[in-house]
Amino acid sequence: MESEINAYEKACVDCRSCMKGCPMLYSFTISPKKLLTKFTTELPTSDMAFACANCGLCAHMCPQDIDFGKVFTASKTTFADDKNVLKKYGYGAVIFHQKSSFSRLFSTTKKFTTGEYTHMAFMPGCALSSYSPSLVHSVFSYLRSKCSGIGIIQQCCGTPTRMMGDMAQFKMYHSQLERDLEKMGATTVVTACENCFMSIKTYAPHIKIVSLYSLLEQIGLPESAKERHKNAPKMALHDPCPTRYEKEIHKDVRTLLAQLGLPYEEFKQNREKTLCCGSGGMLELTHSGLAHEQMRSRANQTACESIVSYCQSCAESMSKGGKNGVHLLDLIFNPDFAMKQEAQGVLKKWYNRFSSRQKIHALKDDASKR
Ligand code: SF4
Ligand code: SF4
């Protein structure tokens, strides 16, 4: 990283474009060039490194291809062996979350033996399973009706551990996920979560990754969902930052919204210029003040009262930011959706995940019915 920092320092023209929309740089400097000069002799402090949401906006905005996110991510990994530092930023809670997420109490797989799509597995992700087991299962039941033989894996992708810089532990978790997929015979994974999408795409390139939203665009929405929201109040569409460069997903999501008939508007900074919702990089845990400021700031960049997204963490962040965060999947698969998510506590979320796992266990292999 040292030679990269030196090159960054030389190239920086101090235009401050990287700061616009970044949740943290403005808290540490008024001059990115001066910050880079400092980094040539001393690495970022832990306080600075753990304030980065890993959203990738700075690199996109910089005319000189300088990537502050990369510098802070590398710094986080240098603190990984010092458990006292990690503890200060809430790693204890992440360890608990990850051990539970990978335990058989909250994770499971179901493979089906017959059908054209037995090589495929649907992965709803932690946030969606914690939010609504019934939504997960409505989505899966529709996928099964269109893609016979598709399996399901309720599992974490390990992103929270990676965001804390503990790469050794992350690799262990990711290997467990890959082993579970291999046991299922799943060579294609359909993800509802943008963090899962990017994590698998980056760290398991041998697995084919498909966004649920692109798959829905291909197989079509349920007939009953079409035009369902044509009389709904206008919403703003928030693109999640992990998939800022996934143009196909951006396009497909907009096609789905048009088919739903939903009146919506774009944020000024959208698609590849989208902003972090405030939950990236485990920011709510490491620097909750910055996280909540970012949530409020993003939510208030639209006059719309409701903000729709295709990531459950983003939807929750928009609610925490003072607006009404909505998940696109509720608009498609939940005809009774009251156009508002119910706020849920931590215990209820774990209960939901357990309940979703139980529902998966109860699924019967079509072949065993015969
Ligand atoms: S956008 Fe790039 S060149 Fe401009 S201040 Fe930031 S790092 Fe320097
Ligand atoms: S990755 Fe995001 S949070 Fe981190 S420095 Fe860049 S813009 Fe800021």
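Residues numbered from 1 in each chain as written. Chains lettered and ligands numbered in written order. Predicted model: local features only at pLDDT ≥ 70, side-chain atom pairs only at ≥ 80, totals over all residues. Heavy atoms only, no water.

1. Describing the packing of aromatic side chains
Each aromatic ring pair is described using two quantities: the centre-to-centre distance and the angle formed by the ring planes. Under the convention used in this document: Only Phe, Tyr and Trp rings are paired, with Trp represented by its six-membered ring, and only when their centres lie within 6.5 Å; those with planes under 30 degrees apart are stacked, over 60 edge-to-face, the remainder tilted. We count a stretch as a helix when DSSP gives it H or I for four or more residues in a row; a strand needs E for two or more, and each element gets its number in order from the N terminus. Only protein chains enter the area calculation, which uses a 1.4 Å probe; residues under 20% of their type maximum are buried, those over 50% are exposed, and those in between are partly exposed.
Considering all chains together, one arrives at twelve aromatic pairs under this definition. Measuring from ring centre to ring centre gives 6.0 Å for Phe39 and Phe72, while their planes differ by 85°; the resulting arrangement is edge-to-face. With Phe39 in helix H3 (residues 32-39) and Phe72 in helix H6 (residues 68-78), the pair connects residues that are 33 residues apart, well separated along the chain. Take Phe39 and Phe72: they sit in the same class, and that class is buried.

2. Let's talk about the nonpolar core
We count it as follows: What makes a nonpolar core is a set of buried Ala, Val, Leu, Ile, Met, Phe, Trp, Tyr and Cys residues whose side-chain atoms join them at distances within 4.5 Å.
In this structure, Phe122, Leu212, Leu328 and Leu329 are the most contacted members of the largest nonpolar core, which totals 59 residues. In terms of residues, this core owes the most to one element, helix H10 (residues 133-146), which gives six residues.

3. Quick notes on the sheet that holds strand S1 (residues 108-110)
Defined as follows: Here, strands pair whenever DSSP counts at least two bridges between them. To obtain an axis, a line is fitted to C-alpha atoms, over the contacting stretch when the element is a helix, and the angle between two such axes runs from 0 to 180 degrees between their N-to-C directions. What makes two residues a contact is simply this: any of their non-hydrogen atoms within 4.5 Å.
Pairing in this open sheet of five strands is mixed, and the strands run S1-S3-S2-S4-S5 from one edge to the other. Two strands lie at the open edges of the sheet, namely S1 and strand S5 (208-211), each paired on one side alone. Along the sheet, successive strands turn relative to each other by an average axial angle of 20°, direction set aside. As paired strands, strand S2 (residues 120-123) and strand S3 (residues 151-154) are joined by two bridges and run parallel to one another. Bridge assignment links Ala121 to a residue of S3, and that residue is Gly151. On top of the sheet, H10 reaches S2 and S3; it is set at about 160° to S2, its chief contact. Where helix H20 (residues 346-362) meets the sheet, its contacts fall on S1 and S3, and the angle it forms with S1 comes to roughly 30°.

4. Quick word on the packing of H10 against H20
Threshold: Definitions for this section: a left-handed crossing has its near helix turned counterclockwise from the far helix by less than a right angle. A right-handed crossing has that turn clockwise. Only Asp, Glu, Lys and Arg are considered charged in this grouping, and only Ala, Val, Leu, Ile, Met, Phe, Trp, Tyr, Cys and Pro are considered nonpolar; every other residue, Gly among them, is considered polar.
Where H10 meets H20, the closest approach of the two axes is 8 Å, and the angle between their N-to-C directions is 30°. For the element pair H10 and H20, the recorded crossing hand is right-handed. Residues Pro133, Ser134, Val136 and His137 of H10 touch H20, and the partners they reach there are Asn352, Ser355, Ser356, Lys359 and Ile360. Of the residues in the contact of H10 with H20, the class split is three nonpolar, five polar and one charged.

5. A look at unusual backbone geometry
With phi around 55°, Asn54 is a residue other than glycine that occupies positive phi space. Residue classification places Asn54 among the partly exposed positions, given a relative accessible area of 25%. Phi at Glu227 is positive, roughly 65°, even though this residue is not glycine. Looking at where Glu227 falls in the secondary structure, it is placed in the loop between helix H14 (212-219) and strand S6 (235-238).

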